Amino acid sequence: MTTPEFIRQIRASAGNQLLLLPGVTAIVFDDEGRVLLGRRSDTGRWAVVGGIAEPGEQPAETAVREVYEETAVHCVPERVVLVEMLEPMTYPNGDACQFQDVTFRCRATGGEARVNDSESLEVAWFEVDALPELEPFAVDRIRRAQHDAPTWFAPVPAGLRVEQRRAPEGHAEGQPADTAASR
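Throughout this description, residue numbers start from 1 for each chain and increase along the sequence as written. Where local features are concerned, this predicted model is filtered to residues with pLDDT of at least 70; where side-chain atom pairs are given and counted, the filter is 80 or more; whole-chain, interface and lining totals use all residues. Only heavy atoms go into the side-chain values, all of them from the structure, while hydrogens and water stay out.

Student: So what's going on with unusual backbone geometry? Which residues, and what values?
Tutor: Of note, the phi angle at Ala72 is positive, near 65°, even though the residue is not glycine. Helix numbering and strand numbering both begin at the N terminus, where a helix is a DSSP run of H or I of at least 4 residues and a strand a DSSP run of E of at least 2. Mapped onto the elements of the fold, Ala72 is located in the loop between helix H2 (59-71) and strand S5 (74-85).

Here's what the structure looks like:
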């Protein structure tokens, strides 16, 4: 997959150290209820559409841009399906990253599904009860996007507390204090 230029610039000084990156996934349905998938050129596997937000870009804008760039389909985000911090990963070149994924359910509004960049080998619409083999990540997001349930997010671990301290000089009461948890 193509690495965005702003990440290449960060990597020039940060090396392989862990980067927290804003990821967006778009689950796109057409008027017939089919879901849009692309077969990735790096793995050869079918997957949902997604990518990294550019600096200053809102997550919904990223979803629309990525869907068009990869599939030539125009879409409109309808709702946030889930927000999740994914497990850290290390690429073969040693670059470590962790994606914070925001998944949107989107509705196709135009365009013809086709390969539109080098990231995909194929692009196609699939009935949700006849999906090709997909990673659990994709299956979970498609299933959640089919329903109008509240946005999913991981629960806060029981007993997690942020200790309150006296506000440092120059900070108004009620503002977060500088604690180890906030650094």
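Student: Please give an account of the pairing of strand S1 (residues 19-29) that cites residues and values.
Tutor: Here the term buried applies to any residue with accessible area under 20% of the maximum for its type, exposed to any over 50%, and partly exposed to those in between, with areas from a 1.4 Å probe on protein chains only. Burial analysis of S1 places 9 of its 11 residues in the buried class, which makes it a mostly covered element. We treat two strands as partners when DSSP finds at least two bridges between them. Here S1 runs beside strand S4 (residues 49-52); their pairing, made up of 4 bridges, is antiparallel. Within the sheet, the bridge partner assigned to Val24 lies in S4 and is Gly51.

Student: Could you give an account of the side chain of Thr62, with specific residues and numbers?
Tutor: Looking at where Thr62 falls in the secondary structure, it is placed in helix H2. The contact criterion used is simple: two residues touch if any of their non-hydrogen atoms lie within 4.5 Å. Setting aside residues up to four positions removed in sequence, Thr62 forms contacts with Val24, Gly51, Ile52, Ala53, Glu54 and Glu57.

Student: So, the pattern of salt bridges: which residues are in play, and what are the values?
Tutor: Throughout this description, the term salt bridge denotes a Lys or Arg side-chain nitrogen within 4 Å of a carboxyl oxygen of Asp or Glu. If you walk through the whole model with that rule in mind, you get 18 salt bridges. Across the pair Arg39 and Glu122 runs a salt bridge, and its minimum N-O distance is 2.7 Å. Of this pair, Arg39 sits in strand S2 (residues 35-40) while Glu122 sits in strand S8 (residues 120-126), and the two are 83 residues apart along the sequence. Close ionic contact of Glu66 with Arg65 constitutes a salt bridge, the shortest N to O distance being 3.1 Å. For the pair Glu66 and Arg65, a shared accessibility class is recorded, and that class is buried. One salt-bridge network, held together by shared partners, links Glu78, Arg79, Arg105, Arg107 and Asp148.

Student: Talk me through the packing of aromatic side chains; I want residue IDs and the actual numbers.
Tutor: Between rings of Phe, Tyr and Trp, where Trp is taken as its six-membered ring, a pair exists when centres lie within 6.5 Å; planes separated by under 30 degrees are stacked, by over 60 edge-to-face, and by other angles tilted. Tallying each qualifying case throughout the model produces 1 aromatic pair. Judged by centre distance (5.0 Å) and plane angle (75°), the rings of Trp46 and Phe126 are edge-to-face. In this pair, Trp46 sits in strand S3 (residues 46-47) while Phe126 sits in strand S8, placing the two residues 80 residues apart along the sequence. Assigned by exposure class, Trp46 and Phe126 land together as buried.

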